[in-house]
Amino acid sequence: MDAGGFFMLNRVEIKAEAKEIMRTARVSPYIVTLLVIVVGFTLNRVVDLVQGGSLFFSYDRYRSYLAIVSSGDMEALERWILSLPQDTGASFFLSILVSLVMLVLNGGYYIYCMGIRQGAEMPYATLADGLGVAGKLIWCSIQIGVKVFLWSMLFWIPGIIAAYRYRFAYYNILTDGSLSAGDAIRLSCQQTQGLKGQLFVLDLSFIGWSILSSMTMGLLGVWLTPYMTLCDLAYFEEGQRNVGRSPYGEG
């Protein structure tokens, strides 16, 4: 147990368990994850097309930015900044809409991962289950964004701590429909007491994989995303138990 009286979770065992769940799930987590990635990729290409007239506008812009920064040519950087297209109302609205769609889709993805952790057969249609609480997820996201931003104004460390404090808020909404967005955030603050440091170490343990995933244009994410999510849910389950709640119940 740590100094606060909470159990130190065995990260190695949690990771081994996650890999076994991925291997034995009756509906492949790799295909489910791929579906989410493909939807996100497609929607972002539409945003790129509207904003810059190219399906890969954001990638081209990023590559040109890296080339200019590596050259150290400040005048070229200034010209690059001035050449950026101004977001129109339509493109801004579309980018916001895409982010909200992905938030709700990820809600369904979390429900899928919660189900396979419990040994249930979760069909592909589970990805649409986030629609039932879409409003709460969106309002929760807005509140978390504002709170983390305000804490970050003090310095970046309080902002990071705040992000870990609110980490389980989405899970709370998805497992207990009676909670409001504010209730889910407040409950997350209680659940993460004694776990924030362990969650930070968990995230650090995935840095190498995340770097490798970026080098594969995100293709490794088909394996890495369910792996990380299943591990994260193990900590959520512990947070639920710490506040006297069943892992995926409403009690």
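Each remark here, short or long, concerns the structure printed above.
About the thresholds
The residue count restarts for each chain, going from 1 along the sequence in the order it is written. Side-chain atom pairs in this predicted model are given and counted only at pLDDT of 80 or more, local residue features only at pLDDT of at least 70, and totals for whole chains, interfaces and linings cover all residues. Derived side-chain values reflect all non-hydrogen atoms in the structure, with water molecules and hydrogen atoms excluded from consideration. Strands are runs of DSSP state E lasting at least two residues, helices are runs of H or I lasting at least four, and both sets are numbered from the N terminus onward. A simple rule labels every residue: compare its accessible area, found with a 1.4 Å probe on the protein chains alone, to the largest value its type can have, and call it buried under 20%, exposed over 50%, or partly exposed in between. Whether two residues are in contact is decided by their heavy atoms, any of which lying within 4.5 Å being enough. The method behind every accessible area is Shrake-Rupley, applied with a 1.4 Å probe, and residues are considered shielded solely by the protein chains displayed. Among the buried residues, those of types Ala, Val, Leu, Ile, Met, Phe, Trp, Tyr and Cys that are joined through side-chain atoms within 4.5 Å form a nonpolar core. Two aromatic rings, drawn from Phe, Tyr or Trp (for Trp, its six-membered ring), form a pair once their centres lie within 6.5 Å of each other, and the interplanar angle then sorts them: stacked below 30 degrees, edge-to-face above 60, tilted otherwise. Here, a charge over a ring is recorded when the distance from Lys NZ or Arg CZ to the ring centre is within 6 Å and its angle to the ring normal is within 35 degrees. The patches reported here contain residues having more than 30% relative accessible area and no salt bridge. Joining distances are 9 Å for like charges and 5 Å for nonpolar side chains (Val, Leu, Ile, Met, Phe, Trp, Tyr). Throughout this description, the term salt bridge denotes a Lys or Arg side-chain nitrogen within 4 Å of a carboxyl oxygen of Asp or Glu. The angle between two axes is taken between their N-to-C directions and runs from 0 to 180 degrees, where each axis is a line fitted to C-alpha atoms and a helix contributes only its stretch in contact. For classification purposes, angles smaller than 35 degrees are called roughly parallel, those larger than 145 roughly antiparallel, those between 65 and 115 roughly perpendicular, and all remaining angles oblique. Two helices cross in a left-handed way if the nearer one is turned anticlockwise from the farther one by less than a right angle. They cross in a right-handed way if the turn is clockwise. Residue polarity is assigned by list, with Asp, Glu, Lys and Arg as charged and Ala, Val, Leu, Ile, Met, Phe, Trp, Tyr, Cys and Pro as nonpolar; anything else, Gly included, falls into the polar class.

Participant: What's the story with the overall build of the chain in this structure? I'm lost.
Facilitator: Per the secondary structure count, the chain includes 12 helices and zero strands. Along the chain, helices and strands appear, N-terminal first, in the series α-α-α-α-α-α-α-α-α-α-α-α. Counting all 251 residues of the chain, 40% fall into the buried class. Across the chain, contacts joining residues at least 24 apart in sequence account for 67% of those joining residues at least 6 apart. For the chain, the computed accessible surface area is about 13600 Å², with 67% contributed by carbon and sulfur atoms.

Participant: Looking at this model, I keep getting lost on the nonpolar core. Mind explaining?
Facilitator: Soluble, globular proteins show a tendency: their nonpolar side chains are buried together. If you look at the biggest cluster of nonpolar residues, it comprises 53 residues, and the most contacted ones within it are Tyr112, Cys140, Ile144 and Tyr235. It is helix H5 (residues 89-117) that provides the largest number of residues to this core, a total of 11 residues.

Participant: Where do I start with the side chain of glutamate 238 in this structure?
Facilitator: Positionally, glutamate 238 belongs in helix H12 (residues 221-242). Classification of glutamate 238 as buried rests on a relative accessible area of 8%. If we skip the residues at most four places from it in the chain, glutamate 238 touches Phe7, Leu9 and Leu195.

Participant: Looking at this model, I keep getting lost on the packing of aromatic side chains. Mind explaining?
Facilitator: Each pair of aromatic rings is reported with the distance of its centres and the angle of its planes. The tally for this structure, following the rule as stated, stands at 10 aromatic pairs. Where phenylalanine 206 meets tyrosine 227, the ring centres are 5.2 Å apart and the plane angle is 90 degrees; that geometry is what we call edge-to-face. Pair noted here: phenylalanine 206 is in the loop between helix H10 (196-205) and helix H11 (207-215) and tyrosine 227 is in helix H12, with a separation of 21 residues, a long-range link. For the pair phenylalanine 206 and tyrosine 227, one class covers both residues: buried. Judged by centre distance (4.9 Å) and plane angle (45 degrees), the rings of tryptophan 223 and tyrosine 227 are tilted. Note that tryptophan 223 and tyrosine 227 are positioned in helix H12 at a spacing of four residues, about one turn of the helix. Among the residues examined, tryptophan 223 registers a relative accessible area of 23% and is labelled partly exposed. Residue class for tyrosine 227 comes out buried when judged on its relative accessible area of 3%. Here a set of aromatic residues connected by ring pairs shows up, and it is made of Tyr110, Phe168, Tyr171, Phe236 and Tyr248. It is lysine 15 that lies over the ring of phenylalanine 206; its NZ or CZ is 4.4 Å from the centre. Geometry around phenylalanine 41 places arginine 45 over its ring, the cationic atom sitting 4.7 Å from the centre.

Participant: When you look at a nonpolar patch on the surface in this model, what are you seeing that I'm missing?
Facilitator: Taken together, the side chains of Phe200, Val201, Leu204, Ile207, Trp209, Ile211, Leu212 and Met215 define a hydrophobic patch exposed on the protein surface, amounting to about 740 Å² of accessible area. Going through the elements one at a time, H10 and H11 are the ones with two or more residues in the nonpolar patch. Considering each element in turn, the nonpolar patch owes the most residues, five residues, to H11. Mapped onto the secondary structure, isoleucine 211 falls in helix H11. Assessed through its relative accessible area of 48%, isoleucine 211 is described here as partly exposed.

Participant: I'm lost on the packing of H11 against H12 in this one. Help?
Facilitator: If you want to describe how two helices pack, look at the angle between their axes and the distance between the axes. It is the contact of H11 with H12, at a shortest axis distance of 10 Å, that shows an interaxial angle of 150 degrees. The orientation of H11 with respect to H12, classified from their angle, is roughly antiparallel. For H11 against H12, the interelement crossing comes out left-handed. For the pair formed by H11 and H12, the contact residues are Trp209, Ser210 and Ser213 on the first element and Gly221, Trp223 and Leu224 on the second. Of the residues assigned to the contact of H11 with H12, the class counts are three nonpolar, three polar and no charged.

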